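# Structural overview
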Amino acid sequence: MRSRSLVVLMLSVTGFLRDARVSCCDESCTNKPVFTPSSLVVRFGDSTSANCSVCEDACVRNQYDVETPVGRRTKMGSTVLWTVDALTEWSPSSMCYYSNDAGHQCCTYLHVTVYQPPHKVSISVNHTGPMVEGHRYTLQCTVEDVAPVKNLFVTFYRGQTALGLPQSINSTDKEPEKPQTQNFTLHVNPGREDDGAEFWCEAKLELGPEGPKLPPVETSQKITATVHYKPHLEGSSPPDPIRVQEGELLQLNCSAVANPPPLYTWTHGSEKIDVSEDVLTINSTTVSDGGKYTCSVVNKMGNVTREFDVEVQESYTVIIIVIIAAVVLLIAILGLVAYRYCYKPGRVGRYNLKDVFLRAHSAVPTAD
Ligand SMILES: *[C@@H]1O[C@H](CO)[C@@H](O)[C@H](O)[C@H]1NC(C)=O
Ligand SMILES: *[C@@H]1O[C@H](CO)[C@@H](O)[C@H](O)[C@H]1NC(C)=O
């Protein structure tokens, strides 16, 4: 008779108990007990609760039992309310079961995920001091005291950019649910664009829809990369040749990026110039400033050179001044010539007048 069926409701909160019951518990029976919610995600130390509803009316009339080493059980008809004020078990996989007339146990497990956000997340690189362009380094992200590790996803970042997909581990540990410290690594080949970049990592616990709305996220400190690299010239190549008017400003720009900061040396033809800046400035060029300039940029990582071919063109102003001077001189000469021409006819005229006078005078009959 149904009324005589023995209904045993048991709520187990220890893994040990679960293992002990597995052999005599049928999980594929019809009329299984139902947990609400069907699974729990609880932060270690937090409170939690679940309801187990065993079966219909029959259960209420029969004797049943509840066993649990953790939390409180409250029997209400065919349901048991399990509540825990502070969950401090790492594998509290709970079981709810009853026995029917035939002595079979019908049961359901409540899966409880107990999580703990990482105690600390830190990043390190397998190297001290500046990194070298093109060399390979290993970034390591250490996530301390986190559970469960199978839900942990670690992402490396450079500035705001994620470096690859989140990493996780396939946990094969015997007790994977307990807090563990895990290391994640990423290989990097820093280039000059990484000089000054910030690297960090982020550990996230992906706990699914039953988990907290905002998944627990912890970030590491940031490490600023110093990358040493050889000089690279900035700006576009200069025109070839560079034409400049005599007397004008000449600036040759050999600016380069490099770490450590580079040294600049300049030569004009085969002569070294006493300039150690990236820009060579000649305020007023002369024809002798033309020719080939070589700028050499060097640091301990390497060197680069840039050549400039300078043509100094004689200035038009000089030519204009020369032309004006020539014109002035010409005018002066012409003026002098003209004066000489004008002066001679004047004297002739006077002589002529005198002659005319004399002639006129002589023409007048005199008493002589
Ligand atoms: C750092 O790790 C990289 C890649 O694993 C390795 O090639 C390099 O030798 C390591 N450097 C140091 C200083 O341990
Ligand atoms: C030289 O070139 C660099 C890079 O193109 C530029 O930043 C800098 O202002 C230039 N300097 C001068 C004096 O033109």
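Residues numbered from 1 in each chain as written. Chains lettered and ligands numbered in written order. Predicted model: local features only at pLDDT ≥ 70, side-chain atom pairs only at ≥ 80, totals over all residues. Heavy atoms only, no water.

For the rest of this paragraph, the subject is the overall build of the protein chain. Regarding its fold elements, the protein chain presents three helices and 25 strands. The buried share of the protein chain, taken over its 368 residues, is 36%. Looking at the protein chain alone, contacts between residues at least 24 apart form 70% of all its contacts between residues at least 6 apart. Carbon and sulfur atoms provide 54% of the accessible area of the protein chain, an area that totals close to 22000 Å². (Helix = DSSP H or I, 4+ residues; strand = E, 2+ residues; numbered from the N terminus. Buried < 20%, exposed > 50% of the residue type's maximum accessible area, 1.4 Å probe, protein only. Contact = heavy atoms within 4.5 Å. Areas by Shrake-Rupley, 256 points an atom, 1.4 Å probe, with all protein chains shown as cover.)

We now examine the confidence of the model for the protein chain. On average, the protein chain scores 83 in pLDDT, and the residues at 70 or more come to 80%. Counting interchain partners and residues more than four positions distant, the pLDDT-below-50 stretch residues 362–368 has one contact. (pLDDT = per-residue confidence, 0-100.)

Here we come to the site of ligand 2. Around ligand 2, the structure places E234, G235, N253, S255 and V279. Separating an oxygen atom of ligand 2 from a side-chain N or O atom of N253 is a distance of 2.3 Å. Burial of ligand 2 by the protein amounts to 43% of the accessible area it has alone, namely 360 Å². (Near = heavy atom within 4 Å. Polar contact = N/O pair within 3.5 Å; in protein donor to acceptor, adjacent residues only side chain to side chain.)

The next point concerns the sheet that holds strand β3 (residues 48–53). Strand order in the open sheet made by the four strands is β1-β3-β5-β4, with antiparallel pairing throughout. Pairing within the sheet leaves two strands with one partner each, and these edge strands are β1 (34–36) and β4 (72–76). Going across the sheet, the axis of each strand differs from the next one's by a mean of 20°, ignoring polarity. Sheet topology note: the β1/β3 ladder contains three bridges and is antiparallel. When the bridges of β3 are listed, T36 appears paired with N51. (Pairing = 2+ DSSP bridges. Axes fitted to C-alpha atoms, helices over the stretch in contact; angles between N-to-C directions.)

Okay, the site of ligand 1 next. Taken together, N126, R136, T138 and H187 make up the full set of residues adjacent to ligand 1. At a separation of 2.3 Å, an oxygen atom of ligand 1 approaches a polar side-chain atom of N126. Within the side chain of T138, a nitrogen or oxygen atom sits 2.8 Å from an oxygen atom of ligand 1. When isolated, ligand 1 has an accessible area of 360 Å², and the protein chains bury 48% of it. Its residues assigned to classes, the shell around ligand 1 comprises no nonpolar, three polar and one charged. (Nonpolar A, V, L, I, M, F, W, Y, C, P; charged D, E, K, R; others polar.)

Turning our eyes to something else, we now look at the state of the cysteines. Scanning the entire structure with this criterion turns up three disulfides. Here C254 connects covalently by a disulfide to C295, the sulfurs 1.9 Å from one another. Here the disulfide of C254 and C295 is left-handed, its torsion about the S-S bond being about -85°. Of this pair, C254 sits in the loop between β19 (250–253) and β20 (256–259) while C295 sits in strand β24 (residues 291–299), and the two are 41 residues apart along the sequence. There is no split in this pair, since C254 and C295 are both buried. (Disulfide = S-S within 2.5 Å.)

The strand order β9-β17-β20 describes an open sheet built from three strands, whose pairing is mixed. Single-partner strands in this sheet number two, and they are β9 (131–132) and β20. Both β9 and strand β17 (residues 227–233) contribute to a ladder of two bridges, which runs parallel. Note that in β17 the partner of V132 across the bridge is H228.

Leaving glycine aside, a negative phi is the common case for residues, and trans is the common case for peptide bonds. A147 connects to P148 through a cis peptide bond whose omega is -10°. Along the chain, P148 falls in the loop between β10 (137–146) and β11 (152–158). Looking along the chain, the bond that leaves D240 and enters P241 is cis, with omega of 0°.

What follows covers the environment of R136. Summarising the element assignment, R136 is placed in the loop between β9 and β10. Residues R136 and V188, spaced 52 residues apart in sequence, show a C-alpha to C-alpha distance of 5.7 Å. In contact with R136, not counting residues within four places along its chain, are H187, V188 and N189. Of the polar contacts made by the side chain of R136, one reaches the side chain of H187; its length is 3.4 Å.

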